[in-house]
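Next come the chains, spelled out residue by residue.
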Amino acid sequence: MTMEINIETAVRICPISCRSSSENSLCLQANLSNNTIELANSQSFPVNYAIPAHSSQTVLYNTVITPLLNFLIEGCDVSVVALGQSETGKTYSLFGPGFHFAASETEHGIIPRFIRDLFTKVKQYRDRNYTIHITWSQICGETVQDLLGAGSVECTDILDAFQLIQLGMSNMAPKCAHTLFTLTLDQEWIIDTAVQHRVSTASFTDLASSEKILVYDNNGLVQSLPTDSGLLALQQCITALSEPYFLNYGNINNIPYGQSVLTTLLKDSFGGRAKTILLCTVSPLVEDFAESLYTLQLALRTQTIKNFVTVNSYTTFQNIQDNYDVFGLQFATNQLLKLVANAEELFQKLLTNSSLAKGELEQISRWLTFKQECEECLSENSEPHRSLDIIEEEEAEDNTSCNTVNSSDSDEIDEDQEQDNSQSNMEKFEVMMKNFKILTDEIVSSNYSVHSNVNVSTKDSFCNSSSEYHSKGARGRRGSIHSAEELRNSFSVDSKICEEAVLDSEDKKCEDSLTYEAKKKLVKKILSVIEGYQKQILDLQKTIQVKEKFMQRLVKNKNTENNTRAKLEHQCQKLVKEYDKVNAAYTQAEINKDGDLEKKCQVKLAQLKKKINDAESLKVLTEESNRKLMEVENSVHTSKKQLEKLKKCKRKEEKRKAMYEAQLKDERKRMGTSQDSLQKQKSSVETKNSNENKQLVVLNRTPVINLSHENAESLRHEIRNLRKTRDYLLEQRYKIDTKAMHKKILNELEERKLLQYEEAIEAIDLAMEYKNEVLCGHIPVIAKSLEQIEEKGDKMLMDRLMKLNETEMRILLYKYFQKIVDLRNSSKKLELQVVDIENQNENLSCRVQSLSHTLQQVRLESERRIIALQHQHENKLQVVMRHLASDSGDNDRVVSRVSKHALAFQMAGTSKQGDKSLIARFTRYARQETVPKQLQATVSVPQAIVTRQKNKLFIQQTQK
Ligand SMILES: Nc1ncnc2c1ncn2[C@@H]1O[C@H](COP(=O)(O)OP(=O)(O)OP(=O)(O)O)[C@@H](O)[C@H]1O
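Keep in mind it's a predicted model, so treat the numbers as computed, not measured.

Calculation rules
- Residues numbered from 1 in each chain as written.
- Predicted model: local features only at pLDDT ≥ 70, side-chain atom pairs only at ≥ 80, totals over all residues.
- Heavy atoms only, no water.
- Near = heavy atom within 4 Å.
- Polar contact = N/O pair within 3.5 Å; in protein donor to acceptor, adjacent residues only side chain to side chain.
- Areas by Shrake-Rupley, 256 points an atom, 1.4 Å probe, with all protein chains shown as cover.
- Helix = DSSP H or I, 4+ residues; strand = E, 2+ residues; numbered from the N terminus.
- Axes fitted to C-alpha atoms, helices over the stretch in contact; angles between N-to-C directions.
- Parallel < 35°, antiparallel > 145°, perpendicular 65-115°, else oblique.
- Left-handed = near helix turned anticlockwise from the far one by under 90°.
- Contact = heavy atoms within 4.5 Å.
- Nonpolar A, V, L, I, M, F, W, Y, C, P; charged D, E, K, R; others polar.
- Phe/Tyr/Trp six-rings, centres within 6.5 Å; stacked < 30°, edge-to-face > 60°.
- Buried < 20%, exposed > 50% of the residue type's maximum accessible area, 1.4 Å probe, protein only.
- Lys NZ or Arg CZ within 6 Å of the ring centre and 35° of its normal.
- Patch = residues over 30% accessible without salt bridge, like charges linked within 9 Å, V, L, I, M, F, W, Y side chains within 5 Å.
- Salt bridge = Lys/Arg side-chain N within 4 Å of Asp/Glu carboxyl O.
- Lys, Arg positive; Asp, Glu negative; His and termini not counted.
- Charge placed at Lys NZ, Arg CZ, Asp CG, Glu CD.
- UniProt positions renumbered as here; feature names shortened; annotations may be inferred.

**Q** Is there a simple way to explain the site of the ligand in this structure?
**A** Close contacts around the ligand come from 13 residues, with Ser86, Glu87, Lys90, Thr91 and Tyr92 the closest. Taking Ser86, its side chain carries an N or O atom lying 2.8 Å from an oxygen atom of the ligand. For the ligand, the protein covers 76% of the area, taking 630 Å² as the surface of the free molecule. Of all the elements, helix α2 (residues 90-94) adds the most residues to the shell around the ligand, at three residues.

**Q** Can you walk me through the packing of helix α3 (residues 110-124) against helix α4 (residues 158-171) in this structure?
**A** When two helices pack together, their arrangement is captured by the angle between the axes and the distance separating the axes. One way to put it is that α3 packs onto α4 with a least axis distance of 10 Å and a crossing angle of 160°. Here α4 runs roughly antiparallel to α3, going by the angle between their axes. Note that α3 runs across α4; the crossing there is right-handed. Mapping the contact onto sequence places Ile111, Pro112, Ile115, Arg116 and Phe119 in α3 and Ile158, Ala161, Phe162 and Ile165 in α4. Taken together, the residues that form the contact of α3 with α4 break down as eight nonpolar, no polar and one charged.

**Q** For this particular structure, what's the right way to read the packing of aromatic side chains?
**A** Each aromatic ring pair is described using two quantities: the centre-to-centre distance and the angle formed by the ring planes. Counting across every chain of the model gives five aromatic pairs. Pairing Phe95 with Trp136 gives two aromatic rings, centres 5.2 Å apart and planes at 25°, and the pair type is stacked. Linking Phe95 in the loop between α2 and α3 with Trp136 in strand β8 (residues 129-140), this pair joins segments that are 41 residues apart in sequence. Taking 6.3 Å as the distance between ring centres and 85° as the angle between the ring planes, the aromatic pair formed by Phe95 and Phe181 counts as edge-to-face. Of the two residues, Phe95 sits in the loop between α2 and α3 while Phe181 sits in strand β11 (residues 178-191), which places them 86 residues apart along the sequence. Given a relative accessible area of 0%, Phe181 falls into the buried group. Taken together, the ring pairs in this structure connect Phe95, Phe114, Trp136, Phe181 and Phe204 into an aromatic cluster. Its end group placed over the ring of Tyr125, Arg128 keeps NZ or CZ at 4.1 Å from the ring centre.

**Q** Would you explain a positive patch on the surface in this entry?
**A** Together, Lys648, Arg651, Lys652 and Lys655 make up a region of like positive charge exposed at the surface. Residue Lys648 is classed as exposed on the basis of its relative accessible area, which comes to 59%.

**Q** Would you take a moment to explain the side chain of Lys547 for this structure?
**A** Secondary-structure assignment places Lys547 in helix α17 (residues 516-591). Reaching out from Lys547, the side chain makes a polar contact with the side chain of Glu863 at a distance of 2.3 Å. When residues no more than four places from it in sequence are discounted, the contact partners of Lys547 are Val632, Ser635, Val636, Ser639, Glu863 and Ile867.

**Q** Just checking my understanding: could you explain the UniProt feature "binding site: ATP" (unreviewed entry) in the chain for this structure?
**A** In the numbering used here, UniProt assigns the feature "binding site: ATP" (unreviewed entry) to Gly84, Gln85, Ser86, Glu87, Thr88, Gly89, Lys90 and Thr91. Here Gln85 shows up in the loop between β7 (78-84) and α2. The buried category is assigned to Gln85, whose relative accessible area is 10%. Here Gln85 is in contact with Arg19, Lys90, Ser209, Thr281, Ser283, Asp288, Glu291 and Thr295, once residues within four sequence places are set aside. Relative to the helices and strands, Thr88 is located in the loop between β7 and α2. When residues no more than four places from it in sequence are discounted, the contact partners of Thr88 are Cys14, Arg19, Thr281, Val282 and Ser283.

**Q** How do you make sense of the side chain of Gln536 when you look at a structure like this?
**A** Within the secondary structure layout, Gln536 lies in helix α17. Judged by relative accessible area, which is 13%, Gln536 ranks as buried. Among residues more than four places away in sequence, those in contact with Gln536 are Leu646, His853, Gln856 and Leu860.

Written as structure tokens, this is what we have:
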């Protein structure tokens, strides 16, 4: 069970007496009526718990921490993280004033109180067994030290725990380190035959305070950052987790937890599975304002972070259930192992077969990977990990029973050797089981290779034909197990016949390995891709149209521009001549020392120079049109190419869609036919089943054992009993399946029961097969291979196994049976996870696709806007040029204005630059959103003036 809960914040104001300061002016206070911290500048920070300076330790604990205890008992992880300026009471709040237990209990901090309450509370659950462990570490930079010196230490009572705290305190480094105190509560209790387990942790982190440095952020505002690498990484994680984008679409893998040891250890507390409270301690003094502001801002951000609080529980089973007979269980274990090994060998063979389709090859290699992963899980890391208890040996009987062992040797074996032997025997047993399996499989696979081949492909096609997880996942994979749907249709139909019927209808199925549902999904996806392409094509066509129109305009304007250029050329020449003239007059005035004339000439010269420059730049502008035309032509060409590409892609996707649609149609038809043939097969099998004896004789090999009539009868009787048990199990399974269909969700216990029924049914099938073989007079393959055991050690081991009494054998088989059910359970979970990940992946790719479409649209839109602007500009320019060409009006003024305008436009850059600036503007708008909503709503962005006087930095708030 998972709950989405925001991290809560508590802000405790420390008493002035704690701060060694001569100044007593205050800058903040707690408002209890609305749980806010109010600053002197009337800015206020909403928090979950505002704790004023006069509040006692009891008030803090009762209001903030008590609810965490229930979470812990229910199996959730809880976390309290204390953060704040140095000497503001983090350690005091968590532990108390030093840690002298002789001192009054009223001064005790959160941790001792929590431990006391925890011991009291768990004792109330009389049916539960529990253990409590404590670990306490200190993080100095990137090094972690154990403060207790013994890793995780078990505490049986409060005193134990308190002594450990004293020990840890004495090992603590002063000031510089963060400390992480963890309590682990392990509970177990029994409901019916199931053992419920809950493992939860309560962690208490005392973050060391750190110096801050001031830096400018992207918006040019002053920001303070801690110099401690752990705190800096924590701040970065909090910032990343509280970004609006992360809250909506974020991927936890992008949070930089790995940057420091501290954040790695606090991963569960921030954005993880723990119920977290951030306890901030702040000083109310004006001189501490900057530090307090920093802490409050961090608290504000943290409040927006969502944690996924999860109940850590699992169930194991204690007793064998009565309705499984030992025989069934024995077969469930042995035959499942055999099946897996058999299938593996078959798959290995199939892998070398080059005629397999790529999809099938992938499916097989996936199966092999899963199997390997499951084996690894079972061998060491499976949680809960089960191993076989060592079976006690019967020493006295060993030597006599084992006729190959020299009796004088056995006398010399001492106790230690006995123990070694029992271990090596277990190892030998495993090797023997392996050999036994290989041997059996060889025989089975040689006898049934053709049949197995059919079964494998049947399974695949059966899986392919069904839709959701249950069909391709854990349920209905094997012949003897049917889905509720099937059971309803043909409760008594022999599974193999069912499979063959399905095979007949399915074996001409699609060329690749996609299921019907997957194809349907794919078609949908392709459709949306096609729609996307269509949109882009329309957009691009629109853009090309706009560009072509602009090109036409440029061509049309060419004449006017030529005229204007000629006119300007003429004007330039005139101006140059006039300039020369005035220049000559100026030289003359200089010679004559005529000051007045000199000045006039200077002014005139400057004016003429300016006019010439303006006219020259206008001339350049008229020459620009060719370059512009070429540019637009190129751009149209590129757009047309893009258009072709898009059309090609669209055609390709349309073809794919048509192909899959045809395949789906075919499959639908085939599925209709297969239903009919299934019905026919069913009725024929029902007739067959009417003769029970006939059904029992399934193998027609020459009998090698002659059974007495009595023995044969008893075998038939056992087979009948087995069938009854099988029917009973099928019914039970059917009930759960029906429930699942109506209710949709099964609880963990029911899911597990389902797996157990499936395994047991299959085992019974195989047991019946075994007995049939005996009944037909054959020595069963397994019995044969047991007879062939020759090696001394193996025989010894076999003898020992034979000595196991019924209960021991039951336990042994039961443990193996549970292991197999666990294996299937975890493989089912893995499959569910894969389905989940696939869905997520699909969503993400849809998002990426839609974003890239939007980006493309924005680009095209901006391109069109730029062209439109150029168009407008061109029009204006044309008006002016026509005006110039007609030589009417005040040319000088017009020339000067136009050239300025033209230069400005040139500076704005080419269309690509315009495009970029537009996109940059979009990005800027988007960036404005990155401040958390809560921050925007309640706090205006703080503006500060930083001044330095002597060795001190002063920060003054300038804006509310
Ligand atoms: N609310 C309070 N009531 C009474 N005394 C307090 C309170 N808060 C802090 N103190 C006292 O102030 C002093 C400093 O507190 P403490 O050591 O807990 O601060 P800290 O934040 O853990 O400091 P540092 O980060 O430097 O370790 C201690 O002597 C403590 O007893």
